[in-house]
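# Descriptive analysis of the structure
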Amino acid sequence: MSKIKRIWSSMIAAALMAISTQSIAEPLKIGYSDWPGWVAWEVAIEKQWFKEAGVEVEFEWFDYVASMDAFAAGQLDAVTMTNGDALVTGSTGAKNVMILINDYSNGNDMVVAKPGINSVKDLKGKKVGVEIGFVGHLLLLNALEKNGMKESDVELVNVPTNETPQVLASGDVDAIVAWQPNSGMALNLVPGSKRIYSSADEPGLIYDVLAVSPQSLAADRDKWKKVIKVWYRIVDYFKDPKTQNSAIAIMASRVGLTPDEYKEFIGGTKILTKTEAKQFFKKTDGFTSLYGSSKISDDFNIANKVYGKAQNIDDYIDGSLY
Amino acid sequence: MQDQWLTVNQELTLRQRRLLTLGSFLLPLAIWCMLSYVPFIWHPMVEVEDKGSVSYFKESMLVEKELFYQELEKAQGEERAVPTGTPANPIYLPAPHEVIEALYSAFTTEPIRRNEQWLHESLADSISVILLGFLLSSLIGVPLGILAGTFSAVSRLTEPFIEFFRYLPAPAFGALAVAILGIHEAPKIAIIFIGTFFQQVLVVANTTRKLDPALLEAAMTLGAKRISMLFRVVIPGIASDLYRDMRILLGWAWTYLIVAEMIGSSSGITWFITQQARYKNFDNVFAAILIIGVIGLTTDMILAQLGKRLFPWQRGTKV
């Protein structure tokens, strides 16, 4: 009974919200998903640190793509994404501003090749399974470029990232591009398969961020500052050897794994301290800056017709809340 | 008297029927047990116990049988340490006892985090989504179906459009439902509604049309007005068939559950299934699928028994 009431009341509330303009203070709604750098938010949720910091937030757990959809539909104030996907989401109407860098991918995204292929150069003329137009594609192009090759040197097969392990095992492709847990599954599923390239070879290609809608940022700037403070409390807790296991236990339970299983995924994600993150907010070219990295993603998205018009990177980044 | 098992067009005895029902469940279970526990029937993989001198083998890694023996022979030939292992099935076919264990531990695992739910609480969420979607659909769909089945004018006005709409796949409305209704239960209920409603109107209208015209003629001869026709002849006349339709449609609503729960924030039993599948914990996935099957079957059996009580005159036929 209470359930039905709740649903009705939430429907009525939604209707009222649509009618009234900006009424009472609502909690900040943040969508997050299954990536170690974002699962870490769970520590603060569990320990009620947001309450202590005096900011009301509601975290909503999603599948990654569903979280961006909900943000685009205006149902969330902020969402966790990669800097490249922030541009894609913004290009289709859901403008957003990256105010916090959680981490950069440091090996969790990888190119996995079947036995017999030992380097990126060996991929010449081979088939590679990758989700075209997304972050894995970007990693592959980066790997080819570093080895003096072009996209046309390999044959791309469009495969959803979560199916890459099976596709590599089927033998229909010679290599795949995926991130954890799929990349690890592929290595386990195909004995003798090797990681021939990974985001650890190009740190800063993929940043994982918190992106906020411009409206919410303008209206609740102080609240978002508090959210950032809480994040660095999480980072301290996570980095402290004394409390790290407790942090990992909370994160593992969020995704339904045992802490030992989850530890595997931690190494490939470089969670950044405040000082480190500040460095990446400096405006320079290349992968060592969020600006530079996003510019490279933007070029990539246009070259691959993910969207048509170059995005103004400056509009997407605001490092001034630190 | 000897039981006759294969006589054409003759109902079996109660004992025979019970035995066969049991058999219909035991047969697949027996096949599953054989595949799982008898090594030489399938077991196309080898689970590595000791990696020996093979550099890329890891303990408890699953390797294809052929590859395992290649490496074994190679190691033997070069007089290196040989790997050892036991035959195993692929990761996507867990053995029955593993699934039973997963089933038990899924219900008994205490939530670790404050905002985490017990499995039975997630299940209750899922069931409430289905029931609300089905209820909303029935509140509008059943009256509309009866009217369309009784009056040609209503039928002509509604059915062509509904015929068109029922071909639109409910999941396609996911993003739209989230944009309008938010991220919690409401868009999920909407998907169940869309998946059920349009079929429901057509099925109910058809059932209504099948009512014996002699009943309607008799009522008209006796001077029944439109309203009393509807409530005293049509509805009582179709009640038992309508009940059966609703049972089938409820099963239909269940099939939309997984799709519906994929929309918006993750919740319910679907969250459990997709998350466990992502990390290849297929024993948990099988357990969850089993739970859905048991809930569906139990509800249906209860409704069938209830139907026999409600419509005793239908006992001879299949309700």
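Treat the numbers as computed from the prediction; the structure is a model and nothing was measured.

All names here are of chain A. The strand order across the open sheet built from six strands is S2-S1-S3-S10-S4-S11, with neighbouring strands paired in mixed fashion. In this open sheet, the two strands that pair with only one neighbour each are strand S2 (57-61) and strand S11 (269-271). The sheet shows a mean angle of 30° between the axes of neighbouring strands, taken without regard to direction. Both strand S3 (residues 78-82) and strand S10 (residues 207-212) contribute to a ladder of five bridges, which runs antiparallel.

Below, the discussion takes up the interface of chain B and chain A. Interfaces are frequently sized by the accessible area removed from exposure as the parts join. Facing 28 residues of chain B, the contacting portion of chain A comprises 29 residues. For the side of chain B that touches chain A, the secondary structure elements donating two or more residues are helix H4 (119-150), helix H6 (174-181), helix H7 (185-209) and helix H11 (268-278) of chain B. Residue composition of the side of chain B that touches chain A, by class: 13 nonpolar, nine polar and six charged.

Let us now look at the confidence of the model for chain B. Scored by pLDDT, chain B has a mean of 89; 97% of the residues are at 70 or more. Scoring the predicted complex yields pTM 0.79 and, for the interface, ipTM 0.72.

To continue, consider the nonpolar core. Within the largest apolar cluster, 135 residues are counted, with the highest numbers of intra-cluster contacts made by A:Val111, A:Val112, A:Ile176, A:Ala211 and B:Ile192. A per-element tally of this core places H7(B) first, with 13 residues. If we skip the residues at most four places from it in the chain, B:Ile192 touches B:Val129, B:Ile130, B:Gly133, B:Phe134, B:Ala253, B:Tyr256 and B:Ala260. Core analysis: the next-biggest nonpolar cluster, separate from the first, contains eleven residues, B:Ile269, B:Phe272, B:Ala287 and B:Ile291 among them.

Turning to the sheet that holds strand S1 (residues 45-50) of chain B, a few remarks are in order. Residues and elements named next belong to chain B. Spatial strand order, S2-S1-S3: three strands in an open sheet with antiparallel pairing. Looking along the sheet, the strands with just one partner apiece sit at the ends: strand S2 (62-64) and strand S3 (84-88). Across the sheet, the mean angle from the axis of one strand to that of its neighbour is 40°, orientation sign disregarded. In the sheet, S1 pairs with S2 via three bridges, with the strands oriented antiparallel. Looking across to S2, one finds that Met45 is bridged to Glu64. Packing of helix H2 (residues 65-77) onto the sheet brings it into contact with S1, S2 and S3, and relative to S2 it is tilted by some 85°.

Turning our eyes to something else, we now look at H6(B). Restricting attention to buried positions, one finds in H6(B) the residues B:Gly174, B:Ala177, B:Val178 and B:Leu181. Buried residues along H6(B) cover an arc of 100° about the axis, so they all sit on one side. Buried-residue contacts for H6(B) involve helix H5 (64-72) of chain A together with H7 of chain B. Of the residues trailing H6(B), B:Gly182 is marked for its positive phi of about 95°.

Mean pLDDT over chain A works out to 89, with 93% of the residues at or above the 70 mark. Confidence drops under pLDDT 50 across residues 19-23 of chain A; counting only partners more than four residues distant or on other chains, this segment forms zero contacts.

Procedures and definitions
Residues numbered from 1 in each chain as written. Chains lettered and ligands numbered in written order. Predicted model: local features only at pLDDT ≥ 70, side-chain atom pairs only at ≥ 80, totals over all residues. Pairing = 2+ DSSP bridges. Helix = DSSP H or I, 4+ residues; strand = E, 2+ residues; numbered from the N terminus. Axes fitted to C-alpha atoms, helices over the stretch in contact; angles between N-to-C directions. Contact = placed C-beta atoms within 7 Å. Nonpolar A, V, L, I, M, F, W, Y, C, P; charged D, E, K, R; others polar. pLDDT = per-residue confidence, 0-100. Core = buried A, V, L, I, M, F, W, Y, C linked by C-beta atoms within 7 Å. Buried ≥ 20, exposed ≤ 12 C-beta atoms within 10 Å, placed from the backbone. Arc of directions from axis to C-beta.

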